[in-house]
Amino acid sequence: MIDTTPWLDALHQAARVRSDAAGLPTRRDEAWKYTDIGALGVASFPLAGRPQGSLPTVAPLTTDALQLLLVNGSLQVLPGAELPAGVVIGRLDGKASAELVEAHLGKVIPAEAKSLAALNSGLFDDGVLVRVGAGVTLERPIEIVSVGQAGGDPLAFHPRCLLVIEDGGAATLVERHQGSGRYFSNSVLEIALGAGASLRHYTLQDESPEAVHVATTGIELAAGSRYAGMLVQTGSRLSRHETHAALAGDGASFELDGAYVGAGKQHLDNTTFVTHTAPGGKSRQLFKGVLDDQSHGVFQGTVRVERAAQKTDAHQLSKTLLLSEQAEMDGKPELEIYADDVKCGHGCTVGDIDETALFYLRARGIDAETARQLLIEAFLGDVLEKIAAEPVRTAFAAVVGECLKGAHATRRTNDHHQG
């Protein structure tokens with residue numbers, strides 16, 4: 001449990017007031033019109049206590065990773081290795097690195113955002129702090145693993161992380177969410193990038209099939225900073241990942257790619273808000289999804305270009321394959337442009353597998369099911385190939401591949417029964 005200070009107590013209290021007044025988001029909120037989180041009863045899930053018994057063992061994706069383990073939102077394992085000068089990795093509280101925490105905690109994500117970040121701010125009682133000092137390049141990747149453990153009764157927890165990379169610093173962050181049982185994970189990650197700082201950020205949401213997963217990531221980019229993110233969603237009963245990126249400095253660069261696989265009655269929501277407030281910024285978003293059975297996908301992407309953000313270059317694209325007549329996709333890309341010297345665009349496509357490509361493979365002696373599987377893997381593969389760290393790319397691709405095989409096997413079984 002974290003140590004508190006008056007300012008941290010005040011943050012908790014203000015967030016509770018705001019959260020109690022707003023309640024859970026509903027479909028009447030424009031940003032939540034496609035996702036009904038209240039339908040699964042998470043408001044009644046009791047808060048998780050401190051983990052009891054033995055801790056789960058989670059192998060790091062890379063052998064040299066600095067791994068942190070949270071169980072039901074509680075930080076249980078810190079890196080045992082000696083850290084380079086200028087790097088701090090520890091518990092998030094009001095006493096350690098007090099000035100740094102007070103300067104950023106609760107301030108990266110807009111307070112007016114209609115998200116569950118306020119609920120997290122009111123209830124988190126443990127968390128992770130990472131600081132990479134000015135001019136420091138952290139060669140070893142940081143890996144934060146959040147594990148949900150629920151027995152017979154559901155529970156709720158609220159992981160909280162703050163990552164600050166100061167001017168000219170650089171790091172790689174791997175974020176993983178997994179677990180077992182029925183639980184509600186409501187995580188918040190705030191990222192502050194100083195001038196010329198850079199971050200590669202890879203996220204895998206592979207929660208329990210019974211879980212409800214909501215994650216809010218806020219990113220503040222100073223002049224010349226660079227953020228390159230990858231978000232892969234395969235798990236949970238219902239998931240929503242919400243990203244708020246503020247390109248507040250000249251020439252900042254933001255890139256976020258995503259891949260998701262839905263089957264059964266899964267609901268996978270990717271919602272982004274990108275705001276350009278300074279000149280010369282560049283943002284890129286590419287999301288690709290594969291939906292089978294009665295699964296439901298959502299992509300909402302809002303790019304706002306303020307009047308001062310001349311020379312902005314922004315583009316977002318969502319592409320989805322529907323493998324079943326019962327699968328559903330809602331796409332809502334938006335541009336709000338108040339500057340007059342910009343290059344902006346967006347797109348959203350939904351469809352089935354390209355019949356021409358399928359015919360091409362069939363003509364070379366490949367059976368129909370194998371040909372379909374190859375095309376689906378290739379569709380997602382060009383997104384996953386953007387992961388620069390090879391061990392992470394391999395691990396993420398393996399999880400996606402297993403999900404695709406599972407959907408493939410289910411479809412063949414259903415086709416057999418129907419036949």
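Computed from a predicted structure; not experimentally measured.

Trainee: Can you walk me through the sheet that holds strand S16 (residues 282-291) in this structure?
Mentor: One key point about sheets: their strands pair by backbone hydrogen bonds, in either a parallel or an antiparallel sense. Ordered in space as S2-S1-S5-S8-S10-S12-S14-S16-S18-S20, the 10 strands form an open sheet in which the pairing is mixed. The sheet is open, and its two edges are formed by strand S2 (74-77) and strand S20 (342-351), each paired on a single side. Going from strand to strand, the sheet's axes swing by 10° on average, the running direction of each strand aside. Here strand S14 (residues 253-262) runs beside S16; their pairing, made up of 10 bridges, is parallel. Bridging from a neighbouring strand, Gly 262 pairs with Leu 291 of S16. Together, strand S12 (226-233), S14, S16 and strand S18 (312-322) form the strand contacts of helix H5 (residues 368-384), whose direction differs from that of S16 by roughly 155°.

Trainee: How do you make sense of the pattern of salt bridges when you look at a structure like this?
Mentor: Pairing of side chains with opposite charge becomes possible as their charged atoms draw close. With the rule as written, the count across this model stands at 19 salt bridges. Measuring nitrogen to oxygen at the nearest pair gives 2.8 Å for the salt bridge that ties Lys 311 to Asp 341. Here Lys 311, found in the loop between strand S17 (296-305) and S18, pairs with Asp 341, found in the loop between strand S19 (328-337) and S20; they are 30 residues apart in sequence, far enough to count as distant. Within this structure, Glu 30, Lys 33 and Lys 332 form a network of salt bridges that share partners.

Trainee: Is there a simple way to think about the nonpolar core in this case?
Mentor: Nonpolar side chains in soluble globular proteins tend to end up buried together. In this structure, Leu 193, Leu 199 and Phe 254 are the most contacted members of the largest nonpolar core, which totals 46 residues. Contacts of Phe 254, omitting those with residues within four sequence positions, involve Ile 219, Leu 221, Tyr 227, Thr 243, Ala 245, Leu 247, Val 274, Lys 282, Ser 283, Arg 284 and Gln 285. Core analysis: the second largest hydrophobic core is formed by 23 residues, Tyr 202, Leu 321, Leu 380 and Phe 396 among them.

Trainee: What's the story with the pairing of strand S15 (residues 267-276) in this structure? I'm lost.
Mentor: Side-chain positions along a regular strand alternate between the two faces of the sheet. Across the 10 residues of S15, 8 count as buried, placing the element largely inside the fold. Pairing of strand S13 (residues 238-247) with S15, which is carried by 10 bridges, proceeds in the parallel orientation. Bridge assignment links Ser 239 to a residue of S15, and that residue is Leu 268. As judged from the 10 bridges shared by S15 and S17, these two strands associate in the parallel manner. Paired with Phe 273 across the two strands is Thr 302, which belongs to S17.

Trainee: What's the story with the packing of helix H4 (residues 355-362) against H5 in this structure? I'm lost.
Mentor: When two helices pack together, their arrangement is given by the angle between their axes and by how far apart the axes lie. Packing of H4 against H5 brings their axes to within 9 Å, and their N-to-C directions diverge by 125°. Taken together, H4 and H5 sit at an angle that is classed as oblique. Between H4 and H5 the crossing geometry is right-handed. Contacts between H4 and H5 pair Ala 357, Leu 358, Leu 361 and Arg 362 from the former with Ala 368, Ala 371, Arg 372, Leu 374 and Leu 375 from the latter. Split into classes, the residues belonging to the contact of H4 with H5 amount to 7 nonpolar, no polar and 2 charged.

Trainee: Would you explain the side chain of Ser 295 in this entry?
Mentor: Within the element layout of this structure, Ser 295 appears in the loop between S16 and S17. Judged by relative accessible area, Ser 295 falls into the buried class, the value being 0%. A polar contact is formed between the side chain of Ser 295 and the backbone oxygen of Gly 262, at a distance of 3.3 Å. Discounting residues that sit within four places of it in the chain, Ser 295 has contacts with Gly 262, Ala 263, Gly 264, Lys 265, Gln 266, Gln 326, Ala 327 and Glu 328.

Trainee: For this particular structure, what's the right way to read unusual backbone geometry?
Mentor: Most peptide bonds adopt trans geometry, and most residues besides glycine take a negative phi value. A positive phi is found at Asn 72, a non-glycine position, where the angle reads about 50°. Positive phi outside glycine occurs at Asp 293, with the angle close to 55°. Of note, Asp 293 is situated in the loop between S16 and S17. The class of Asp 293 is buried, set by a relative accessible area of 18%.

Conventions used here
Sequence order as written defines residue numbering, which begins from 1 separately in each chain. Totals for whole chains, interfaces and linings use every residue, but because this is a predicted model, local features are given only for residues with pLDDT of at least 70 and side-chain atom pairs only at 80 or more, for both listing and counting. For side-chain calculations, the full set of non-hydrogen atoms in the structure is used, while hydrogens and water are omitted. At least two DSSP bridges between two strands are needed for those strands to be called paired. Each helix is a run of DSSP H or I of at least 4 residues and each strand a run of E of at least 2, with the numbering of both proceeding from the N terminus. To get an axis, fit a line to the C-alpha atoms, keeping to the stretch in contact for a helix; angles then go from 0 to 180 degrees between the N-to-C directions. By definition, residues are in contact when any of their heavy atoms lie within 4.5 Å. Definition used for salt bridges: Asp or Glu carboxyl oxygen within 4 Å of a side-chain nitrogen of Lys or Arg. As used in this record, nonpolar core signifies buried Ala, Val, Leu, Ile, Met, Phe, Trp, Tyr and Cys residues forming a set joined through side-chain atoms within 4.5 Å. The cut-offs for exposure are 20% and 50% of the maximum accessible area for each residue type, with area from a 1.4 Å probe on protein chains only; residues under the lower value are buried, those over the upper are exposed, and the others partly exposed. Relative orientations are named as follows: roughly parallel for angles under 35 degrees, roughly antiparallel for angles over 145 degrees, roughly perpendicular for angles from 65 to 115 degrees, and oblique for any other angle. Handedness of a crossing is defined here by the sense of rotation of the near helix relative to the far one, left-handed for an anticlockwise turn of less than a right angle and right-handed for a clockwise turn. Residues are grouped as follows: nonpolar covers Ala, Val, Leu, Ile, Met, Phe, Trp, Tyr, Cys and Pro; charged covers Asp, Glu, Lys and Arg; every other residue, Gly included, is treated as polar. Definition of a polar contact: a pair of N or O atoms within 3.5 Å, with one able to donate and the other able to accept a hydrogen when the atoms are protein atoms, and with sequence-neighbouring residues admitted only if both atoms are side-chain atoms.

That is the geometry; function is a separate question.
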